[in-house]
Every structure is written in C-alpha cells, then in structure tokens.
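# Summary of structural features
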Amino acid sequence: MKSEKQIREYILTFTNLEFMMTNIVVVGGGAGGMELLGKIGKKLGKNGKANITLVDISAYHIWKPLLHELAVGSLDEGLNAVDYRAHASKNGYKFEQGALTGVDRSNRKIILASMKDKNGVEILPERYIDYDYLVLGIGAITNDFGIPGVREHCEFLDLTEQAMTMRQKILNRFLQHAKKPDQGYFDITIVGAGATGTEMAAEMHHVADTLSGYGYEIAKDLLRINLIEASDRVMPSLKKECLYEAVDKQLRALGVNIMTNTIITEVTAEGMYTKEEWFIKSDMMIWAAGVKGPDILGTLDLEVNTMNRLIVHANCQSTTDERIFSFGDCAACPQPDGSYTPPRGQTARQMALLVGDNLIRLLKDKDAKLKDYLYKDLGGFVNMSKFYTVGNMFSFLGGGVAIKGCPARFVYASLYRRHILTIHGPIKGLLLLALNGVQSRLRPQLKLW
C-alpha cells in the first residue's frame, strides 16, 4: 500500500498537471461550435492534453436552421435539443452557462454576466474563466439597420428562447381568432425573403392547416401574410433562376403576398411604414432581413468591420490577438479573391473544423504553421414546410446542380441527420434518429404548448 506521503505527492502532481494544462475556452455552442468541441474534446480533452470549456447563453443546443420550425411548433425541443452538460460529460469538455460580457486580454480571462431567474433573482454572480486560447463562435443577430421601432415591435429568430416565445404568441393568436371569428384576419408581416423569411411564411400556412384538425375553428382565409423584400426577388442568394422562381411560385400558390423592391422605414405597434409611405397593418411582425455580429463584439477591443464581425486572418486568428480565434457568422475571414466569408451554416462548420485542426497543431508545436481557410460553397436549400423544397448542390462546380421536390427534401433532411450523427457519434446518433422517427408518428404534428 502507498504511504500517506506518497498519496499526497500523487495528488499534488495530478493537481499541478491539471493546472499546467492548456485552457481552451469556446464561446458559442451552435452547429460549428458543437463539431469543434467534438473534435478537440476527443483529441485533447479526453487525452488530458487540454482543459476545454464551452460557454453558451442557453443550456442546450438546437440546430439553428430549424428555429423557424420550433417557432411554429413543428419541431419539439424535447426531442431535438442536445443538453450541453450531458454532451460535455461524454466528450471531454466542461460547460458553463452564461452571457459573455467582456474579455480581459492582458490577463487572459473572459467575463460572464451574473445569471438570474425569470424573476430577476441572482442564481450565479459574475464569473471569470481563464483561457490560453479563446475561440469566439457566437454567430450573428438579425440586423435592424437602425430602423425606428424594429427592436421594440418585431419578433426575431436569433435564439432558441425567442423561437419558443414566438411559438406561444402564434398559438395564442390562432386561439383568439378561432374563438372570436369576428376579430377579422390574422395579418403577419415578414421582412426579409431569404431562407428564414420564406420558410417561416410557408410554416405559418402549415400551422394554420394543421391546427384545424386540433379543434381550432380556423377559416381558410384567416391567415394573410406579407413577405417584404428590399431587392427585386425572393431568395436573392439563390443564383439559379429556376430555383428562386420555384420558391416564388409556391409562396404565391399558398396565398403569400410578396412585396419586392420594398423598404421599411418605421415600425409601430400596429404595423409598418414603407419608403413610399404605405402603411402595412400587422398583428405580428417578424424581422429576418440580414445579419450582423452581436453587439458584444464591438466592445472587446478586437478589430471588427462595419457589420460588427470580427476580422480574422485566413487561419481564423484574430488580427488583434493571436490567442483568439473566431469562426462562423461572427467572423469575417478574407478569401483569395478579396471577399470575406459569407455568414452561412456551412461556413461555420468548415471554419470550426479548421480552428480545431489549428488548435491541435499549436498544442503539438506552438510555432507550427497554421492552415488557412478557403470557403467551399456546397450549395443551399429552402424547405417550405410540407409544401415544397428546392436546392442547389455542389455550387463550387461551375454553378452546381439544381434539385427540386422529393430529392431536394431528402438531401435537406440528410443535412440534419448528418449533424446529429456528428454530434453523438454513429451508434447513439442512429438510435436517436430512429427514436425521433417513432415519436414523430405518435405525437401530434404540432407542439401545442
């Protein structure tokens, strides 16, 4: 048996090793952040080569492209959420819930705001977390362009909590109209005809159709949706004419009023004013017109661009501090043609995996040459609920291949399946997907609370 002195020495040695390990802090548990943590957690965290900590404002992860489905009840967060603490315990990292409020670069610490409950009672005080390498992947927020009234009167789909709050408002409005038919129409205005706006417009019609089967007496013409777009067509990011025309045709078939070349100048509690001084009466207004970096990025003494995105080198290191990396929508990474990376989900995933490779290289050799990121456009999809799906694959190959209907829906669904398999591994991932499939047949089509 070991003596008491030997045990003390062993504990001291272990503690010193723990103290001497490199501290890597990742802020942001989105799709890219989860894949990054899976990579460095297995190669560094589980092998005792680094202390890895994830920081996120939420307690669980939901794939952001599905937030519009969560907002209308098509997606059940109980079946699709990934608990950060549970995932951390199995993947070699730790989790801290909180909102980033500052970075002390001289002492290599990040600052988290105090946590409070819904009643304002403090749960945890302000906290500090040490880092040797900091990775910022906090995504983007919807850009209000400084238009008066947008922040006060519009709904947003930046966070899981916002989507869940919106869901309750939507269900309440439908219930009011169902019980009081004389209230008139349910007028919804969505600003921004990109993927979020078009998918949300289609999902709202899906909700109206489905609720009719759950005791809601909803008139067929109850829902009136205005889709506002500043450019001359829906889905400006889609380059193939056949695809954006297909989206336009399907939305119009659903009864969506598409208003292109329309600029909003003011929002009130009753509706919106356009540049031409038209007033668009609205019971609910959803703002999905472009993105910018979260406001906190402009306070961190790091270089940002006009969209408040962190400017990074091609290897994803901050131009201000080589100890800080960034990826995804909050980062502006230069490309060989002089452009910067677009704020897209696939960009976040590609950049996050490259950051993981570079961190692994640095821990092996602090003077190692780091990889540069080159954006590869794999295409994009628009899933208009149960009605129609269009997409473009392999855009980097001479414009890509356009697909529509069932093939497009299959590929779109496979993107989420791949995400689940990447996060949980093949065995657990397949079991979760199978369980989700079974439960989707047993539970209602919509989450009604």
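Here the structure is shown first, and the text comes after it.
In this report, we go over the structure that sits alongside the text. Treat the numbers as computed from the prediction; the structure is a model and nothing was measured. (Residues numbered from 1 in each chain as written. Predicted model: local features only at pLDDT ≥ 70, side-chain atom pairs only at ≥ 80, totals over all residues. Heavy atoms only, no water.)

Moving on, we come to the overall build of the protein chain. Assigned secondary structure in the protein chain consists of 12 helices and 26 strands. The C-alpha atoms of the protein chain give a radius of gyration of 24 Å, which matches the 22 Å a tight globule of 449 residues would have. Taken along the three principal axes of its C-alpha coordinates, the protein chain extends 85 × 50 × 45 Å. Across the 449 residues in the protein chain, those meeting the buried criterion constitute 50%. For the protein chain, the share of sequence-separated contacts (at least 6 apart) that also reach a separation of at least 24 residues comes to 64%. In the form shown here, the protein chain has an accessible surface area of approximately 22,100 Å², with 55% of it arising from carbon and sulfur atoms. (Helix = DSSP H or I, 4+ residues; strand = E, 2+ residues; numbered from the N terminus. Rg over C-alpha atoms; globule rule 2.2 N^0.38 Å. Buried < 20%, exposed > 50% of the residue type's maximum accessible area, 1.4 Å probe, protein only. Contact = heavy atoms within 4.5 Å. Areas by Shrake-Rupley, 256 points an atom, 1.4 Å probe, with all protein chains shown as cover.)

The next subject is the pattern of salt bridges. Overall, the coordinates contain 17 salt bridges when judged by the stated rule. Here Asp248 ties to Arg252 by a salt bridge, and the two come within 2.6 Å at their closest N and O atoms. Taken as a pair, Asp248 and Arg252 lie in helix H9 (residues 241-254) at a separation of four residues, close to a single helical turn. Each of Asp187, Arg224, Lys281 and Asp283 takes part in salt bridges that share partners, so that together they form one network. (Salt bridge = Lys/Arg side-chain N within 4 Å of Asp/Glu carboxyl O.)

Okay, the nonpolar core next. Counting residues in each nonpolar core, the largest one holds 55 residues, and the members touching the most others are Phe174, Ile188, Met200 and Met204. Broken down by element, the residue count for this core peaks at seven residues, all from helix H8 (residues 195-211). Leave out the neighbours within four places in its chain, and Ile188 touches Met204, Leu223, Arg224, Ile225, Asn226, Met284 and Ile286. Grouped together as the second largest cluster of nonpolar side chains are 33 residues, Leu54, Ala88, Val135 and Leu362 included. (Core = buried A, V, L, I, M, F, W, Y, C linked by side-chain atoms within 4.5 Å.)

The sheet built from three strands is open, its strands ordered S6-S7-S10 with antiparallel pairing. In this open sheet, the two strands that pair with only one neighbour each are strand S6 (100-104) and strand S10 (127-130). Across this sheet, the average inter-strand angle for adjacent strands is 25 degrees, counted without regard to direction. Pairing of S6 with strand S7 (residues 109-112), which is carried by four bridges, proceeds in the antiparallel orientation. (Pairing = 2+ DSSP bridges. Axes fitted to C-alpha atoms, helices over the stretch in contact; angles between N-to-C directions.)

Side chains of Lys42, Lys46, Lys90 and Lys428 sit close together on the surface and give a patch of like positive charge. By the secondary structure assignment, Lys46 is in the loop between helix H2 (31-45) and strand S2 (50-56). (Patch = residues over 30% accessible without salt bridge, like charges linked within 9 Å, V, L, I, M, F, W, Y side chains within 5 Å. Lys, Arg positive; Asp, Glu negative; His and termini not counted. Charge placed at Lys NZ, Arg CZ, Asp CG, Glu CD.)

On to the packing of aromatic side chains. Applying the stated rule across the entire model yields five aromatic pairs. The positively charged end of Arg151 is found above the aromatic ring belonging to Phe156, 4.4 Å away from the centroid. The ring of Tyr244 has Arg233 lying over it, and the distance from NZ or CZ to the ring centre is 3.7 Å. (Phe/Tyr/Trp six-rings, centres within 6.5 Å; stacked < 30°, edge-to-face > 60°. Lys NZ or Arg CZ within 6 Å of the ring centre and 35° of its normal.)

So, on to the sheet that holds strand S17 (residues 271-274). Sheet architecture is open: three strands sit in the order S16-S17-S18, paired in antiparallel fashion. On the outer flanks of this sheet lie strand S16 (264-267) and strand S18 (279-281), each paired with one strand and no other. Geometrically, the sheet is characterised by an average inter-axis angle of 25 degrees between neighbouring strands, direction not taken into account. Pairing geometry for S16 and S17, over three bridges, is antiparallel. Bridge assignment links Ile264 to a residue of S17, and that residue is Thr274.

Take the environment of Tyr131 next. Locating Tyr131 in the fold gives a position in the loop between S10 and strand S11 (133-136). For the pair Tyr131 and Ala113, spaced 18 residues apart in sequence, the C-alpha to C-alpha distance is 17 Å.

Let's shift gears to the side chain of Ser58. Structurally, Ser58 is set in the loop between S2 and strand S3 (60-61). A distance of 3.2 Å separates a polar side-chain atom of Ser58 from the backbone oxygen of Tyr60. Other than its neighbours up to four places away in sequence, Ser58 contacts Tyr84, Phe95, Gln97 and Glu161. (Polar contact = N/O pair within 3.5 Å; in protein donor to acceptor, adjacent residues only side chain to side chain.)

With that settled, consider H9. The end-to-end C-alpha distance of H9, which contains 14 residues, comes to 20 Å, matching closely the 20 Å that a straight helix rising 1.5 Å per residue would cover. Of the positions making up H9, those classed as buried are Leu243, Tyr244, Ala246, Val247, Asp248, Gln250, Leu251 and Leu254. Buried-residue contacts for H9 involve H8, strand S14 (223-228), strand S15 (257-259), strand S24 (379-384), strand S25 (388-393) and strand S26 (401-404). In the segment just after H9, Gly255 is the residue with positive phi, at about 100 degrees. (Expected span 1.5 Å × (residues − 1).)

Time to look at the state of the cysteines. For the structure shown, the criterion picks out zero disulfides. Take Cys316: it sits in no disulfide, and the sulfur closest to it among the cysteines is that of Cys333, at 4.6 Å. The exposure class of Cys316 is buried, given its relative accessible area of 0%. (Disulfide = S-S within 2.5 Å.)

Take the packing of H2 against helix H5 (residues 84-91) next. One can describe the packing of H2 onto H5 by two numbers: an axis separation of 9 Å at closest approach and a directional angle of 25 degrees. Relative to H5, the element H2 lies roughly parallel. Counting all contacts with H2, which are made through Met34, Leu37, Gly41 and Lys42, the residues of H5 involved are Tyr84, His87 and Asn91. Class assignment for the residues of the contact of H2 with H5 results in three nonpolar, three polar and one charged. (Parallel < 35°, antiparallel > 145°, perpendicular 65-115°, else oblique. Nonpolar A, V, L, I, M, F, W, Y, C, P; charged D, E, K, R; others polar.)

Okay, the pairing of S24 next. Among the six residues in S24, six count as buried, and that is most of the element. Of the two faces of S24, the one carrying Gly379, Phe381 and Asn383 and the one carrying Gly380, Val382 and Met384 are both buried. As paired strands, S24 and S25 are joined by six bridges and run antiparallel to one another. By the bridge assignment for S25, Asn383 is matched with Thr389.

Time to look at the environment of Ser74. Locating Ser74 in the fold gives a position in the loop between helix H3 (67-72) and helix H4 (77-80). Separated by 133 residues in sequence, Ser74 and Val207 place their C-alpha atoms 7.8 Å apart. At 2.9 Å, the side chain of Ser74 and the side chain of Glu203 are in polar contact.

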